[in-house]
Amino acid sequence: MTDKTTHFGYQEVATEKKQGLVNDVFSSVAGSYDVMNDLMSMGVHRLWKRHFVATSGIHTGNTVLDLAGGTGDITKLLLPVVGKTGHVVVGDINAEMLEVGQQRLIDAGFFGRFEVQTMNAEKLPFEDNHFDAVTMAFGLRNVTNKDKALEEIHRVLKPGGKALVLEFSSVNNTLLKKFYDTYSFNILPKIGEFVAGDKDSYQYLVESIRKHPDQTTLQHMFEQAGLEMCSFQNLSGGMVAIHKGYKL
Ligand SMILES: C[S@@+](CC[C@H](N)C(=O)[O-])C[C@H]1O[C@@H](n2cnc3c(N)ncnc32)[C@H](O)[C@@H]1O
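Cut-offs applied
- Sequence order sets the numbering: in each chain, residues are counted from 1 along the sequence as written.
- With pLDDT at 70 or above as the cut-off, local features in this predicted model cover only qualifying residues; side-chain atom pairs require 80 or more to be listed or tallied, and sums for whole chains, interfaces and linings still use all residues.
- Each side-chain value is derived from all of the structure's non-hydrogen atoms; neither hydrogens nor water enter the calculation.
- Throughout, near means a residue has at least one heavy atom within 4 Å of the molecule or strand.
- The term polar contact refers here to a pair of N or O atoms within 3.5 Å; inside protein, the definition further demands a hydrogen-donor-capable atom paired with an acceptor-capable atom, and it admits residues adjacent in sequence only when both atoms are side-chain atoms.
- Residue burial considers only the protein chains on display, and all accessible areas are found by Shrake-Rupley using a 1.4 Å probe.
- Numbered from the N terminus, helices here are DSSP runs of H or I no shorter than four residues, and strands are runs of E no shorter than two.
- Amino acids outside the nonpolar list (Ala, Val, Leu, Ile, Met, Phe, Trp, Tyr, Cys, Pro) and the charged list (Asp, Glu, Lys, Arg) are all regarded as polar, and Gly is one of them.
- Inter-axis angles, ranging from 0 to 180 degrees, are taken between N-to-C directions of lines fitted to C-alpha atoms, where helices are fitted over the stretch in contact.
- Any angle between 65 and 115 degrees counts as roughly perpendicular, while under 35 counts as roughly parallel, over 145 as roughly antiparallel, and the rest as oblique.
- Residue contacts are defined here by distance: any two heavy atoms, one from each residue, within 4.5 Å place the two residues in contact.
- Pairs of strands are assigned from DSSP output, requiring at least two bridges between the strands.
- Three labels apply to residues, based on accessible area from a 1.4 Å probe with only protein chains included: buried if under 20% of the type maximum, exposed if over 50%, partly exposed otherwise in between.
- To estimate the expected span of a helix, count its residues, drop one, and scale the result by 1.5 Å.
- Bend is the name given here to the angle between axes fitted to two runs of seven residues, the run ending at a residue and the run starting at it.

Engineer: Explain the site of the ligand to me, and be specific about the residues and the numbers.
Structural biologist: Looking at the ligand, there are 20 residues lining it, with Ala 68, Asp 92, Asn 120, Ala 121 and Ala 137 nearest. Contact distances for the ligand include 2.9 Å between an oxygen atom and a side-chain N or O atom of Tyr 33. The separation between a nitrogen atom of the ligand and a polar side-chain atom of Asn 120 is 2.9 Å. Contact with the protein chains hides 99% of the accessible area of the ligand, taken as 600 Å² for the molecule alone. Per element, the largest residue contribution to the shell around the ligand is 3 residues, and it comes from helix α1 (residues 15–29). Class assignment of the residues belonging to the shell around the ligand gives a composition of 11 nonpolar, 7 polar and 2 charged.

Engineer: Mind laying out the packing of helix α2 (residues 33–41) against helix α3 (residues 44–54), listing which residues take part and the relevant values?
Structural biologist: As a packed pair, α2 and α3 sit with axes 7 Å apart at the nearest point and diverge in direction by 100°. By the angle between their axes, α2 is roughly perpendicular relative to α3. Contacts between α2 and α3 involve Asn 37, Asp 38 and Ser 41 from the first element and Val 44, His 45, Arg 46 and Lys 49 from the second. Here the residues of the contact of α2 with α3 are counted per class, giving 1 nonpolar, 3 polar and 3 charged.

Engineer: With reference to specific residues and values, describe the sheet that holds strand β9 (residues 240–246).
Structural biologist: Across the sheet, 7 strands lie side by side as β5-β4-β3-β6-β7-β9-β8; this open sheet has mixed pairing. A single partner strand is all that each edge strand has here, and the edge strands are β5 (114–118) and β8 (228–235). On average, each strand axis in the sheet is tilted by 15° relative to the strand beside it, whichever way the strands run. Along the sheet, helix α4 (residues 73–82) contacts β3 (63–67), β4 (87–92), β5 and β6 (131–137); its crossing angle with β4, the most-contacted strand, is approximately 165°. Along the sheet face, helix α5 (residues 95–107) touches β4 and β5 and points at about 170° away from the line of β5.

Engineer: With reference to specific residues and values, describe the pairing of β9.
Structural biologist: Within β9, 6 of the 7 residues are buried, which leaves the element mostly enclosed by the surrounding structure. Inspection of the sheet shows strand β7 (residues 157–168) paired to β9 by 7 bridges, in the antiparallel sense. Bridging from a neighbouring strand, Ala 163 pairs with Gly 245 of β9. Pairing of β8 with β9 involves 6 bridges; the strand directions are antiparallel. Each bridged residue has a counterpart across the sheet, and for Asn 234 the counterpart in β9 is Ala 241. Hairpin connection between β8 and β9: a loop of 4 residues separates the two successive antiparallel strands, and Ser 236 in this loop has a positive phi of roughly 50°.

Engineer: How would you sum up helix α7 (residues 174–196)? Please name residues and give values.
Structural biologist: One full turn of an α-helix is made of 3.6 residues, so residues set three or four places apart face in the same direction. The end-to-end C-alpha distance of α7, which contains 23 residues, comes to 31 Å, matching closely the 33 Å that a straight helix rising 1.5 Å per residue would cover. Of all the bends in α7, the greatest measures close to 35° and is centred on Ser 184. Residues Tyr 180, Tyr 183, Ser 184, Leu 188, Pro 189, Ile 191 and Gly 192 constitute the buried set of α7. N-capping of α7 is provided by Asn 173, with a side-chain oxygen placed 3.0 Å from the backbone N of Leu 175. Where α7 terminates, the next one or two residues include Gly 197, which has phi positive at roughly 65°.

Engineer: Account for the environment of Gly 70, naming residues and giving values.
Structural biologist: With respect to the element layout, Gly 70 can be found in the loop between β3 and α4. On the basis of relative accessible area, Gly 70 is assigned to the buried category, the value being 5%. Residues Gly 70 and Lys 4 lie 66 residues apart in sequence; the distance between their C-alpha atoms is 28 Å. Every residue in contact with Gly 70, bar those within four places of it in the chain, is listed here: Asp 92, Met 97, Leu 98 and Gly 101.

Engineer: Pulling in residues and values, what's your account of unusual backbone geometry?
Structural biologist: With a phi angle near 55°, Met 42 is a residue other than glycine that sits in the positive phi range. Looking at the secondary structure, you find Met 42 in the loop between α2 and α3. Note on Met 42: relative accessible area 60%, which makes it exposed. Even without being glycine, Ser 236 reaches a positive phi, approximately 50°. Topologically, Ser 236 is positioned in the loop between β8 and β9.

Pasting the structure below:
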């Protein structure tokens, strides 16, 4: 890996090409993303997401950016929490994911309660000190320059606001890791191939998990971006982790 290259799953690609490749993946999976999430995680992603929002400390009246919000799972959980006096912006670089998300949120009865906006996490279209919280679920590992994205999250938070990242992480139990690796490398891409007709996208998703910084590295990156009182919580033996940090 050089300054001019980065990883796209296990492939080394030119840095400026990565976002386009990631966009192709999510444009390709947008229509089947929600069904596939349930199938691949056997529904467990719903529990992780519920726990993420329930322990977020976000409350009534908060203004929240759900970054890399995709098809709106986190926003759907956030809207009842922030209530009618709060506001949620669903931001994502991929218009196709957002289109699915917008329709789902309207179908769930949230018309007029949220805003949908395309944006790159590396250059957020907001002034400084704007949000009470920024959530990012399963999005950060897809971003080319993660440090830049964390700096941007820090910039748009109000003093006292918090950054919350839910992401795949490093499994800390040898036996569980063995099972998890076998399942993700041998079974997940096959489910992707047979159900969604798209083995390559699901192969990327599995590989991108393994290339993502582990818990302590990501906590250090939070601190480098200016976030304070940083901590993380492992879920399911470290399959995923919630990282939290504050702007003071
Ligand atoms: C795995 S999905 C997660 C969607 C949703 N947050 C969830 O938990 O179901 C990852 C999302 O990250 C988005 N994404 C990738 N790179 C991005 C970037 N640079 N800026 C904003 N969103 C990005 C993708 O378009 C995709 O919708």
